[in-house]
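Below are the chains, spelled out letter by letter.
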Amino acid sequence: MEIKRPYLLFLGDAADPLAAKVAQGIKDWRPENAMAQFRLEGCKADLGLEDMTIEEAVKAGCKTMVIGVANRGGVISDAWIRVLIDALENGLDLAAGLHNKLADIPELVAIADRLGRQLFDVRHPTEIYPVASGKNRTGKRLLPVGTDCSCGKMYTALALEKEMRARGMKADFRATGQTGILITGSGVSIDAVAADFISGSVETISPDNDSDHWDLIEGQGSLYHASFAGVTAGLIHGAQADALILCHEPTRTHMRGLPEYPIPSMQAVMDLALHMAQLTNKEAKFVGICVNTSNLSDEDAEKFMRETEEKFGLPCVDPVRNGVGRIVDVLQ
């Protein structure tokens, strides 16, 4: 899917800033796409963007209203629907990464059809993907893999793209989840792709490219997570990565949402991920480690990264504290 940009970011009646994390991600990583915000009365989130009415946003050049906030109670409220209808009628497409589908709201579908607008439910792919071929593709690819879910894989790939582009390198972030898609405007939410086609969908979004071009493919899940390992395996095979980066949150004791499953060792994850990656690229190798040390003091974070680097012989950084420059040095 290709979502038209720039965006009017809909924050709704967000109860706190965290509720608008999707919109915040767009603003942080693609500020050129985040033209303005639209908030309902009582909204507790503020991206620091200009508040615009829908009419003002259209006049300013916005193309799509993106729902950048998690909906309350699992439903899109009547207040939201009135705003979304107004957006369609004034010339905007709609995009959302909610479990609720815009396409399941008859009023929105009818208006979109009548006016020729598009509804993007980025969590629910509509494209038909092929079964993976496993054939070698030109260009270079990097994939972050994690010891757990939500440990910095998307952030790492986006940080690498930013640093590599700043150095004049050819690099593109390839989104594989709903937040990444809304940040970049394209990609596939692979956790909603039928299992047989996961690897094929990743091959599709990372096709042949220039020999010096890097696709930075967003990682998902963990091979050691009992709930999501299947998605991770398909992603690894389809990515055909030349370079792998391990992502880790050092203060966790168990897998996210699974208290009976302890966090695996970094070595175990690297060994298994490399074994699986080499099915489709025998030259795959680890080039660095990215850790989320937000729960550690400066002193403890520095000690952990230093010891990890000494143990594995790879550059170890926290993308927030240190940036990813030392890993990009390896890729040049």
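Residues numbered from 1 in each chain as written. Predicted model: local features only at pLDDT ≥ 70, side-chain atom pairs only at ≥ 80, totals over all residues. Heavy atoms only, no water.

Per an unreviewed UniProt entry, the protein chain carries the name EBNA-1 nuclear protein and comes from Terasakiella brassicae.

Colleague: Give me the overall build of the protein chain: which residues, what numbers.
Modeller: What the protein chain contains, in helices and strands, is eleven helices and 13 strands. Its C-alpha atoms give the protein chain a radius of gyration of 20 Å, near enough to 20 Å, the size a compact globule of 332 residues would have. Principal axes of the C-alpha set define a box for the protein chain whose edges measure 55 × 45 × 45 Å. By residue count, 52% of the 332 residues in the protein chain fall in the buried class. Within the structure as shown, the protein chain displays about 14900 Å² of accessible surface, and the carbon and sulfur contribution to it stands at 50%. (Helix = DSSP H or I, 4+ residues; strand = E, 2+ residues; numbered from the N terminus. Rg over C-alpha atoms; globule rule 2.2 N^0.38 Å. Buried < 20%, exposed > 50% of the residue type's maximum accessible area, 1.4 Å probe, protein only. Areas by Shrake-Rupley, 256 points an atom, 1.4 Å probe, with all protein chains shown as cover.)

Colleague: Could you give an account of the packing of helix H8 (residues 229–239) against helix H9 (residues 266–277), naming the residues involved and the relevant values?
Modeller: Remark: H8 packs on H9, axes separated minimally by 9 Å, with the N-to-C direction vectors making an angle of 50°. Regarding the angle of H8 to H9, the classification is oblique. Contact residues: H8 offers Ala233, Ile236 and His237, while H9 offers Ala273, Met276 and Ala277. Partitioning the contact of H8 with H9 into residue classes produces five nonpolar, one polar and no charged. (Axes fitted to C-alpha atoms, helices over the stretch in contact; angles between N-to-C directions. Parallel < 35°, antiparallel > 145°, perpendicular 65-115°, else oblique. Contact = heavy atoms within 4.5 Å. Nonpolar A, V, L, I, M, F, W, Y, C, P; charged D, E, K, R; others polar.)

Colleague: Quick rundown of the sheet that holds strand E9 (residues 243–248)? Include the residues and the values.
Modeller: Here we have six strands laid out as an open sheet, ordered E7-E8-E6-E9-E12-E13, and parallel in their pairing. Two strands bound the open sheet, and with one partner strand each, they are strand E7 (170–174) and strand E13 (316–317). Bridge analysis of strand E6 (residues 140–146) against strand E8 (residues 213–217) gives three bridges, and the strand direction is parallel. Considered in E8, the bridge of Lys140 is made with Trp214. The strands touched by helix H5 (residues 153–166) are E6, E7, E8, E9 and strand E12 (285–291); relative to E7, the strand with the most contacts, the crossing angle is about 160°. Running over the sheet, H9 touches E6, E9 and E12 and is turned about 150° from E9. (Pairing = 2+ DSSP bridges.)

Colleague: So what's going on with the UniProt feature "domain: D-glutamate N-acetyltransferase-like C-terminal" (unreviewed entry) in the protein chain? Residues and values would help.
Modeller: In the numbering adopted here, UniProt assigns the feature "domain: D-glutamate N-acetyltransferase-like C-terminal" (unreviewed entry) to residues 131–328. In residues 131–328, helix accounts for 36% and strand for 20%; the two terminal C-alpha atoms are 32 Å from one another. (UniProt positions renumbered as here; feature names shortened; annotations may be inferred.)

Colleague: Can you lay out the side chain of Arg137 for me, pointing to particular residues and giving the numbers?
Modeller: With respect to the helices and strands, the residue Arg137 is situated in the loop between strand E5 (119–121) and E6. This buried residue, Arg137, is left without a salt bridge; Glu203 holds the nearest opposite charge, at 4.1 Å. For Arg137, the side chain forms a polar contact with the main-chain oxygen of Ser206, separated by 2.7 Å. From its side chain, Arg137 meets the backbone oxygen of Gly238 in a polar contact 3.0 Å long. (Lys, Arg positive; Asp, Glu negative; His and termini not counted. Salt bridge = Lys/Arg side-chain N within 4 Å of Asp/Glu carboxyl O. Polar contact = N/O pair within 3.5 Å; in protein donor to acceptor, adjacent residues only side chain to side chain.)

Colleague: Please provide a residue-by-residue account of the environment of Gln24, values included.
Modeller: One can find Gln24 in helix H1 (residues 21–29). Judged by its relative accessible area of 27%, Gln24 is partly exposed. In this structure, the C-alpha to C-alpha distance between Gln24 and Lys311, residues 287 residues apart in sequence, is 36 Å.

Colleague: Which residues make up unusual backbone geometry, and what values go with them?
Modeller: The amide bond that connects Arg5 to the next residue, Pro6, takes the cis arrangement and shows omega of 5°. For Pro6, the position within the fold is in the segment before strand E1 (7–12). Despite not being glycine, Ser150 shows a phi value in the positive range, around 50°. You can see Ser150 is positioned in the loop between E6 and H5. Its identity is not glycine, yet Gln240 carries a phi of approximately 50°, on the positive side.

Colleague: Quick one: what's the story with helix H7 (residues 198–205), residue by residue and with numbers?
Modeller: Counting buried positions along H7 yields seven of eight residues, so the element is predominantly enclosed. Along H7, the positions that sit buried rather than exposed are Ile198, Ser199, Gly200, Ser201, Val202, Glu203 and Ile205. Where the residues of H7 are buried, they touch E7, E8 and H8.

Colleague: Could you give an account of the sheet that holds strand E3 (residues 64–67), naming the residues involved and the relevant values?
Modeller: On the basis of which strands lie adjacent, the open sheet formed by five strands has the order E2-E1-E3-E4-E5 and parallel pairing. Both outer strands of the open sheet, strand E2 (34–39) and E5, are each paired with one neighbouring strand and no more. The sheet shows a mean angle of 20° between the axes of neighbouring strands, taken without regard to direction. Here strand E4 (residues 93–96) pairs with E5 via three bridges, running parallel. Its bridge partner being in E5, Leu94 is matched across the sheet by Leu119. Taken strand by strand, H1 contacts E1, E2 and E3, and its axis lies near 150° from that of E1.

Colleague: I'd like a description of the environment of Val320, backed by residues and values.
Modeller: Following the sequence through the fold, Val320 ends up in the loop between E13 and helix H11 (325–331). A C-alpha to C-alpha distance of 8.0 Å links Val320 and Asn292, two positions 28 residues apart in sequence.

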